[in-house]
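Remarks on the overall topology
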Amino acid sequence: MKSALAQPLRQPVLRRTLLRLAALALASAATLGAPCHADDIVVIVNKDNLNKVDREFVIRVYTGSIRGWPDGSPVFALDQPEDSEARQLFATTILGKSVANLRAIWSQNIFTGRGMPPKVTSPDSEMKTLVATNRNAIGYIRASQLDASVRVIAR
Amino acid sequence: MTIRKRSLLFPFLLASLLALAALPAHSQTPAPSIPPSPALEFSASGFLTATAGKVLGGTHDAATDGGYRCPCFISDYAQAGVYETGRLRAGPDSRLGVQGSVMSADRRYGATAQLVSRGAAGGAVNLEWAYGVVELNSRLTLQVGRKRLPLFAYSEVQDVGLALPWTHLPSQLYGWEIVNYNGANLLYRDTWLGWATALNVFSGSETSRNAGYWKIYNGKRSRTDARWTDILGTEAKVSRSGFEARYVYMQSNTQNRLMGEDDSGFSERKRQRIHGVSFGYDQDNWLARAELLWIDRTADYGRDYAQLYMLGYRIGRFTPLVSFSNYKQKNNDPTIAEAHHTASAVLRYDLTNTSAVKVQFDVWRDRSATDFPAMRGNSRLLTVSYDRVF
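All values derive from a computational prediction rather than experimental measurement. Residue numbers restart at each chain and count upward from 1, following the sequence in its written direction. Both sets of labels track the order of writing: A upward for chains, 1 upward for ligands. With pLDDT at 70 or above as the cut-off, local features in this predicted model cover only qualifying residues; side-chain atom pairs require 80 or more to be listed or tallied, and sums for whole chains, interfaces and linings still use all residues. With hydrogens and water excluded, all non-hydrogen atoms of the structure serve as input to the side-chain values.

1. Regarding the state of the cysteines
Residues and elements named next belong to chain B. Selection rule: When two cysteine sulfur atoms are found within 2.5 Å, that pair is recorded as a disulfide.
One pass over the structure, following the stated rule, counts one disulfide over all chains. Here Cys70 pairs with Cys72 through a disulfide, and the sulfurs are 2.2 Å apart. Torsion about the S-S bond of the Cys70 and Cys72 cystine: about -95 degrees, corresponding to left-handed handedness.

Given below as structure tokens:
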């Protein structure tokens, strides 16, 4: 005897509906507007900043290899304190580097005159406020702190 | 460079500061909501490398050791960093540097000076970097003053141990008589076709008094001045997703003079042309680099060829890596051609985000021609270093 639970899946209309819902859920997860885990890090920019950038751009800014937005305006990069959990997560999940490795990279930049590291601010709310009020700013916060005042460019 | 001997430095600094004052204010000032910053931002930072090393064995040619106690391992030609046989030695690779910078609040104008004390120089303090900087826009940077010559991939950062994979850079590539210059450079950074791109042009000159490099060739007690004039060079670097490719070209005139009883002044100017190509990968756990060098000094003695290969893998805070570097000279007189290579194994451990310890084992093999007249022989070296930035 077939189980009562399995029986509805054989009904074409309901199965199509469930498949569509599943597809919609997958598509949503791939978009920037998708809800995400509270501990995830999102990279944010000002809502008026219309430059199209990706994760590679974020890596270049936070390793000092570029200093300007695609439209030529200077990047105002913000960082969280070195011992903060948010910075650890940002370094490993977004930049693909350890904090120690980043420190070594910025040591090169500092001691060779190629640039100064991003300005440090904290906590998430302060960084979000700075990004929301400065057109050239870029920063990162926990996804749980995200609201409509800023635009997400990477996560 | 010893401070008291470098009077040309100050005109450069003065010119850069005048340039700072003459340029208009930046139009892209931070929004009013950013907390107000002081008009000038001062910062100080530094680096420390404390290294101890011991020559574990090798071969010795008493006729060519130049007064060094060999078997010897040359870790830094430019500073005459030589590990001699016998007791544990801390001098050749240990150094302490402090850097002070002053920048405008928008970080567009600034000036930087760096003092370095080296064990290889008996702890003497030298001014090695001193330059003014102007960010002309978000892509163009002008620097004027005294800087490191950007000859090879790690040249500019060769003193900052924390930024290096090794306890000391492979001598086969990083071993020349001049490492700094007084002059100017213009750096352009942008994104082209999806690649982060940096183009740098530089020009200047340098005279190295009592050059460490020449002590290795002319003898430990010798005194030789080296001079590179009409330096003109360019470097181009592209990077993407952890991959990096770099090309450098530099040309200059070279001269030297061996100080002695019959001081005859600097030798005749000889032209040199340097080409360098480097490929690197550093992303997630892997780091790798290949670097190739070709120098044309046909007007002097011949041509130099050098290669470096390095591969490492990060395992948590540990980074084990191996490298091989090779130098071969094509001398106008083949009987005195210099040639050698070094194989190295390194284990790095990041103590904190700002400090690391490394253990390195090197094997140097001499392949010079039979009549090569300077320091020669094989050697094995073990070094332990502590690196820190602050």
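That covers the picture; the talk isn't over yet.
2. Here we look at helix 5 (residues 124–132) of chain A
All names here are of chain A. We apply this condition: Working definition: with a 1.4 Å probe on protein chains only, accessible area under 20% of the residue-type maximum means buried, over 50% means exposed, and in between means partly exposed. A run of H or I in DSSP becomes a helix once it reaches four residues, and a run of E becomes a strand once it reaches two; helices and strands are each numbered from the N terminus. Note: the arc covers the axis-to-C-beta directions of the helix. Residues count as neighbours in contact if any of their non-hydrogen atoms are within 4.5 Å of one another.
When we look at burial in helix 5, the residues that qualify are Asp124, Met127, Lys128, Leu130 and Val131. Viewed along the axis of helix 5, the buried residues span an arc of 165 degrees, placing them on a single side of the element. Where helix 5 is buried, its residues touch strand 1 (41–46), strand 2 (76–79), helix 3 (85–95), strand 4 (137–142) and strand 5 (150–154).

3. A few points about the interface of chain B and chain A
Keep this limit in mind: Buried area is understood as the total, over both parts, of accessible area removed when two parts are fitted together, assessed with a 1.4 Å probe. What makes a salt bridge here is a side-chain nitrogen of Lys or Arg within 4 Å of a carboxyl oxygen of Asp or Glu, nothing more. Side-chain atoms alone can form a polar contact between residues adjacent in sequence; in general such a contact is a pair of N or O atoms within 3.5 Å, and within protein one must be able to donate a hydrogen while the other accepts it. Throughout this entry, Asp, Glu, Lys and Arg are counted as charged residues, while Ala, Val, Leu, Ile, Met, Phe, Trp, Tyr, Cys and Pro are counted as nonpolar. The remaining residues, Gly among them, count as polar.
With 51 residues of chain B in contact, the opposing surface of chain A contributes 38 residues. Counting the surface lost from both chain B and chain A, the interface buries some 3,500 Å², and carbon and sulfur atoms represent 47% of this. When the buried surface of chain B facing chain A is broken down by residue, B:Ser138, B:Arg189 and B:Asn353 rank first, second and third, together holding 18% of it. For the pair chain B and chain A, the interface holds four salt bridges. Taking the shortest distance from any N to any O, the salt bridge between B:Glu235 and A:Arg114 comes out at 2.8 Å. Linking chain B with chain A are 17 residue pairs in polar contact (both at pLDDT 80 or more). When grouped by side-chain class, the residues that make up the side of chain B that touches chain A number 17 nonpolar, 20 polar and 14 charged.

4. A few points about helix 4 (residues 99–111) of chain A
All names here are of chain A. Defined as follows: In this scheme, a helix's expected span is set at 1.5 Å multiplied by one less than its residue total.
Between its first and last C-alpha atoms helix 4 spans 18 Å; for 13 residues at 1.5 Å apiece the expected length is 18 Å, and the two agree. With 11 of its 13 residues buried, helix 4 lies for the most part within the structure. Within helix 4, burial applies to Val99, Ala100, Asn101, Leu102, Ala104, Ile105, Trp106, Ser107, Asn109, Ile110 and Phe111. Following helix 4 by one or two positions, Gly113 has its phi on the positive side, about 75 degrees.

5. Observations concerning the packing of aromatic side chains
This is how the line gets drawn: Working definition: rings of Phe, Tyr and Trp (its six-membered ring) pair if their centres are within 6.5 Å, and the pair is stacked with planes under 30 degrees apart, edge-to-face with planes over 60 apart, and tilted otherwise. In this scheme, the term charge over a ring applies when either NZ of a lysine or CZ of an arginine sits within 6 Å of the ring centre and within 35 degrees of the ring normal.
Under the criterion given, the structure shown has 22 aromatic pairs over all chains. For the ring pair A:Phe90 and A:Tyr140, a centre distance of 3.9 Å and an interplane angle of 5 degrees mean the geometry is stacked. Here A:Phe90 is found in helix 3, whereas its partner A:Tyr140 is found in strand 4, with 50 residues between them in sequence. Owing to a relative accessible area of 1%, A:Phe90 belongs among the buried residues under this scheme. Here A:Tyr140 falls in the buried class, since its relative accessible area comes to 0%. Between B:Tyr188 and B:Trp192, the ring centres sit 6.0 Å apart and the planes meet at 50 degrees, which makes this aromatic pair tilted. With a relative accessible area of 43%, B:Trp192 lands in the partly exposed category. One aromatic cluster in this structure is built from B:Tyr77, B:Tyr213, B:Trp214, B:Tyr217 and B:Phe372. Sitting over the face of the ring of B:Tyr131, B:Lys147 holds its NZ or CZ atom 5.8 Å from the ring centroid. If you follow B:Arg227 out to its NZ or CZ, it ends over the ring of B:Phe266, 4.0 Å from the centre.

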